[in-house]
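Residue-level listing of the chains:
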Amino acid sequence: PRSDCVVAEQLCLSDSTCNATYRTLENCALAKTRLLPLDHDSRVRCLNAELDLGNSSLLHCKCHRRMKRQEHCLRIFWTVHSSMTDGYFNLETSPYENPIYEEHWKTDYNKLAALVSGKICSQLAGDATNPCLKATHVCNLSKKCFRLRTDYASICTKGAGSEDVCDRRKCHRGLRNFFEKVPEDFTKRILFCPCQDEFCGERRRKTIVPDCSFQYNTKPNCLWLLDSCLEDHVCKSRLADFQQNCQPADISPDGCSLHNHAACLQAYMGMIGTPMTPNYVRNSSVEVSLWCTCESSGNQKEKCDQILGMFESNKCL
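Residues numbered from 1 in each chain as written. Predicted model: local features only at pLDDT ≥ 70, side-chain atom pairs only at ≥ 80, totals over all residues. Heavy atoms only, no water.

### Looking at the overall build of the protein chain
The condition is simple: Put simply, DSSP marks the helices as runs of H or I at least four residues long and the strands as runs of E at least two long, and each gets a number from the N terminus on. Contacts are assigned to residue pairs that have any heavy atoms within 4.5 Å of one another. Per-residue and other accessible areas follow the Shrake-Rupley method at a 1.4 Å probe size, with only the shown protein chains counted as cover for residues.
Regarding its fold elements, the protein chain presents 16 helices and two strands. In the protein chain, 70% of the contacts between residues at least 6 apart in sequence involve partners at least 24 apart. Entry remark: accessible area of the protein chain is about 17000 Å², with carbon and sulfur atoms responsible for 52%.

Right, dumping it as structure tokens:
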């Protein structure tokens, strides 16, 4: 089994040869982060350092979405694979290990849902035709789901309706906390609840408090949004995971190259709470998009359209 990158880094640093190679890669990654141009010799040195790792556990390590030191783990992964970050479509190798749905991931969602639907909570359940409302009520019966949902909602609504702007960074962190720490039984049902009317659709669209987490006063260019994402280890990792698991394929009957829609939906949820946070664009459909435009993209219009198209017209998603 692949080791996680934090463990692999510790093993590497205890070996003098691996340590020296890793330090070279750290300098290479730092130069890229600061957008410092590397000359030909430096690029060759960086590439050779990556190749020198050979079959070490560091070269093949992965991270987990729910691990405690996730950001540190992702920094290690991109240090070792810094040559993969040259272009948008070179990000197709995800740093995340595919999740294993073990017994301890199981929740009491169905028990709580039955409680909401039962006579005891008939008044709490509200309108039975609104699945989004029901999913919210079930979340409220779970201490962890209620606490973390309340946390991000309170952070993301601060400043709303006044001259103050919300703290988008804190709002995004609160959203990531919710989607990482609450079992998917709860988060998927809240985010992807099936709606038959616009009232339900409005509730679904506002799940992530779009005024703070999604919308800016004016739509930025999608290329700017991508640059912001690539400067952030978490966002870059989630984008790589999204590309890998939501890669569309026209010749495939289900429109998905990996034929795994559950993995694609999980990767989509991973994008929420990053600079490239997607959301539903209207109440009456399940169409999603990024909050950005490709106007004034100049000779990079095609690249910009590809970024936007990964969300707007992705058959796999």
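### Some words on the pattern of salt bridges
Selection criterion: Throughout this description, the term salt bridge denotes a Lys or Arg side-chain nitrogen within 4 Å of a carboxyl oxygen of Asp or Glu. Partly exposed describes any residue whose relative accessible area lies between the buried limit of under 20% and the exposed limit of over 50%, with all areas from a 1.4 Å probe on protein chains only and scaled to the type maximum.
Counted by the stated rule, this structure contains 13 salt bridges. Here Glu26 and Arg75 are joined by a salt bridge, their closest N and O atoms 3.8 Å apart. Of this pair, Glu26 sits in helix α2 (residues 16-33) while Arg75 sits in helix α4 (residues 70-80), and the two are 49 residues apart along the sequence. Residue Glu26 is classed as partly exposed on the basis of its relative accessible area, which comes to 22%. Of the residues examined, Arg75 reaches a relative accessible area of 26% and is grouped as partly exposed. Arg282 is the partner of Glu287 in a salt bridge, and the nearest nitrogen-oxygen pair spans 2.5 Å. Classification of Arg282 by relative accessible area gives partly exposed; the value is 40%.

### What about the packing of aromatic side chains?
Basically, it comes down to this: Planes of paired rings set the category: under 30 degrees apart is stacked, over 60 is edge-to-face and the rest tilted, where pairs are Phe, Tyr or Trp rings (Trp by its six-membered ring) whose centres lie within 6.5 Å. In this scheme, Lys NZ or Arg CZ marks a charge over a ring once it lies within 6 Å of the ring centre and within 35 degrees of the ring normal.
Counting across every chain of the model gives seven aromatic pairs. Sitting above the plane of the Tyr216 ring, Arg168 keeps its charged end 3.9 Å from the centroid. The side chain of Lys219 reaches across the aromatic face of Trp291, ending 4.9 Å from its centre.

### Brief notes about the nonpolar core
Test applied: Put simply, a nonpolar core is a bunch of buried Ala, Val, Leu, Ile, Met, Phe, Trp, Tyr and Cys residues held in one set by side-chain atoms that sit within 4.5 Å of each other. The domain boundaries here were taken from an automatic or database domain assignment.
Ranked by internal contacts, the top residues of the largest apolar core, which has 50 residues, are Phe178, Phe179, Phe242, Met276, Leu290 and Phe311. In terms of domain composition, this core takes at least three residues from each of domain 2 (108-214) and domain 3 (222-313). If we skip the residues at most four places from it in the chain, Met276 touches Leu225, Leu226, Cys229, Cys235, Leu239, Met271, Leu290, Ile307 and Phe311. Membership of the second largest hydrophobic core comes to 23 residues, among which are Cys18, Leu25, Cys61 and Val234.

### Concerning the side chain of Ser297
Formally: What qualifies as a polar contact is a pair of N or O atoms within 3.5 Å, subject to a donor-acceptor requirement within protein and to the restriction that residues adjacent in sequence count only when both atoms come from side chains.
As for its placement among the helices and strands, Ser297 is situated in the loop between β2 (288-290) and α16 (301-312). Within the local environment of Ser297, its side chain forms a polar contact with the side chain of Asn221, the two groups lying 3.0 Å apart. Looking at Ser297, its side chain comes within polar contact range of the main-chain oxygen of Cys294, at 2.7 Å.

### Remarks on the environment of Cys212
Here Cys212 lies in helix α12 (residues 210-213). A C-alpha to C-alpha distance of 5.9 Å links Cys212 and Arg168, two positions 44 residues apart in sequence. Beyond its immediate chain neighbours, meaning those up to four positions away, Cys212 contacts Cys156, Cys166, Asp167, Arg168 and Cys171.

### Focus: unusual backbone geometry
We note that Val209 has phi near 50°; this positive angle belongs to a residue other than glycine. You can see Val209 is positioned in the loop between α11 (198-205) and α12. Residue classification places Val209 among the buried positions, given a relative accessible area of 15%. Notably, Ser296 is not glycine yet its phi reads approximately 60°, a positive angle. With respect to the element layout, Ser296 can be found in the loop between β2 and α16.

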